[in-house]
Amino acid sequence: MPNRESKRPRWMKSIFFAVILLAAFLYLGYWYMIQCEGKWQGEPLEKQKGLDLSRIKKEMEADVAYMQGLGPRNSMSEANYKQLRLCEEWVLRRWESQGYAVKRHSFSFDGRDYANLEIEFPGKTSPSEIIIVSAQYDTLPDSPGANNDGSGMAVLFQLSGLLKNYAGDRTLRLIAFVNEEDPFFGTEKMGSYQYAMRSYQKREDIKFMISLDSLGIYKDEPGTQRLPFPFSLFYPDRGNFLAFIGNLPSRKYVIMATRGFKKGSSFPIRAGVVPEWVKGASWSDHISFWKFGYPGIQVTDTGGFRSASHTTNEDTMDKLNFDAMSRIVMGMDGSITELTKLE
């Protein structure tokens, strides 16, 4: 007759070790994906005496107002395409007015011409290593795109103003991408896909890229931040923070970017890295760089997880918090400084 008493401890031990392994796996996943915010203590640049953010705020308001006034900018109609090309020329002139020589990366689809626009800051120590910070100047089919992504473009222009004559160890490129939105999102017709493919073919050493995508909406009321489970367990339910969201291979650079951000600003941030299939993780131009093996993240107010107007014709500048965006400019300036120096 079997000795049940002798078998029961082995069965219980198996369950015990399985629970321990599961707990260890969950903790490791939590630590790796959630606990990836860089640490830094000190007085950020935005709090230094004499620093006035009112000029930055005023210029961003003017930039977003211009882009919103153009209306929808995409290829869904001849009128929208015309506005897209007008915005392209305006971006070029905006950077030229800051004293930059602008590179135009042109390509064509279906009888229409498109262009990414780029300015570059050559690295002084390791110029072959490249950091990219980008935003997109097109919009969804029926949207004026004040937040998505006029806010990102406005921050990008302020960064280029602050970085005049900047020389880090690595090369920095600021890029205005086209065709991020529908009907081209997720296809080879995205401007970022064309750029990342060209970089891959040229064997460029892109260390990291950041897509600035929707940076303007912040709310302090409970329930204003809605994230999918299980991330809703670990992040606030108030939409008052800026998010740094990447894939698993980008964790090292997320830590660097957030640490640098804190050197520039004390604006609240949250960070996380997730598998690429997680909902929302790939909703910006960084997805194109992932496809070619380059690490990248989106920096965002979380878009549709916070704002009901994110994809609609109600995406207007009256909803944007330009005071918050001014502080974000200073934080992203710190991120760029951190990422372009050699570790």
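As the structure is a computational prediction, the values presented were derived from the model and not from experiment. (Residues numbered from 1 in each chain as written. Predicted model: local features only at pLDDT ≥ 70, side-chain atom pairs only at ≥ 80, totals over all residues. Heavy atoms only, no water.)

1. Describing the layout of surface pockets
No. 1: Here the largest pocket defines a volume of roughly 620 Å³.
No. 2: Lining the largest pocket are 36 residues, and of these Gly280, Trp283, Gln298, Thr302 and Phe305 lie nearest its centre.
No. 3: Going through the elements one at a time, strand 6 (242-247), strand 7 (269-274) and strand 8 (296-300) are the ones with two or more residues in the lining of the largest pocket.
No. 4: When residues of the lining of the largest pocket are assigned to their parent elements, the largest contribution, 5 residues, is made by strand 7.
No. 5: Residues of the lining of the largest pocket, tallied by class, amount to 19 nonpolar, 11 polar and 6 charged. (1 Å grid on protein atoms, 1.4 Å probe; cavity = no way out; pocket = protein on both sides within 12 Å on 5 of 7 lines; lining within 4 Å. Points joined across faces, edges and corners; volume = space filled by probe spheres on them. Helix = DSSP H or I, 4+ residues; strand = E, 2+ residues; numbered from the N terminus. Nonpolar A, V, L, I, M, F, W, Y, C, P; charged D, E, K, R; others polar.)

2. What to know about the packing of helix 2 (residues 54-70) against helix 8 (residues 322-339)
No. 1: Axis separation between helix 2 and helix 8 bottoms out at 9 Å; the angle between their running directions is 110 degrees. When the interaxial angle is binned, helix 2 and helix 8 end up roughly perpendicular. You can see that helix 2 and helix 8 cross each other, and the crossing is right-handed. From helix 2, Ile56, Lys57, Met60, Glu61 and Val64 reach across to helix 8, where they touch Phe322, Asp323, Met325, Ser326, Val329 and Met330. (Axes fitted to C-alpha atoms, helices over the stretch in contact; angles between N-to-C directions. Parallel < 35°, antiparallel > 145°, perpendicular 65-115°, else oblique. Left-handed = near helix turned anticlockwise from the far one by under 90°. Contact = heavy atoms within 4.5 Å.)

3. Some thoughts on the environment of lysine 103
No. 1: Tracing the backbone through its elements, the reader meets lysine 103 in strand 1 (residues 103-109).
No. 2: In the structure, lysine 103 is positioned 47 residues away from glycine 150 in sequence and 21 Å away in space, judged by C-alpha atoms.
No. 3: With near-sequence residues (within four places) excluded, lysine 103 lies in contact with Asn116, Leu117, Glu118 and Glu120.

4. Side note on the pattern of salt bridges
No. 1: Tallying each qualifying case throughout the model produces 22 salt bridges.
No. 2: Note that arginine 94 and glutamate 59 form a salt bridge whose closest N and O atoms lie 4.0 Å from each other. In this pair, arginine 94 is assigned in helix 3 (residues 78-97) and glutamate 59 in helix 2, connecting sequence segments 35 residues apart.
No. 3: Look at arginine 94 and you get buried, because its relative accessible area is 15%.
No. 4: For glutamate 204, the salt bridge identified is with lysine 202, shortest N-O distance 3.7 Å.
No. 5: Judged by relative accessible area, glutamate 204 falls into the buried class, the value being 13%.
No. 6: One network of salt bridges, with partners in common, ties together Lys103, Glu118, Glu120, Arg173, Lys202 and Glu204. (Salt bridge = Lys/Arg side-chain N within 4 Å of Asp/Glu carboxyl O. Buried < 20%, exposed > 50% of the residue type's maximum accessible area, 1.4 Å probe, protein only.)

5. Focus: the sheet that holds strand 7
Either a parallel or an antiparallel arrangement is found when strands of a sheet pair, and the pairing is made through backbone hydrogen bonds.
No. 1: Taken in spatial order, the 8 strands line up as 1-2-4-3-5-8-6-7 in an open sheet, and their pairing is mixed. Taken across any chain shown, the strands that pair with only one partner, and hence form the sheet edges, are strand 1 and strand 7. Across this sheet, the average inter-strand angle for adjacent strands is 20 degrees, counted without regard to direction.
No. 2: Inspection of the sheet shows strand 6 paired to strand 8 by 4 bridges, in the antiparallel sense. Within strand 8, the position partnered with alanine 243 by the bridge is threonine 300.
No. 3: Helix 3 rests against strand 1, strand 2 (112-121) and strand 4 (170-177) of the sheet, and its axis sits at about 20 degrees to strand 2.
No. 4: Against the sheet, helix 4 (residues 146-162) touches strand 2, strand 3 (126-136), strand 4 and strand 5 (205-212), its axis set at about 140 degrees to strand 3. (Pairing = 2+ DSSP bridges.)

Geometric values such as these leave the question of function open.
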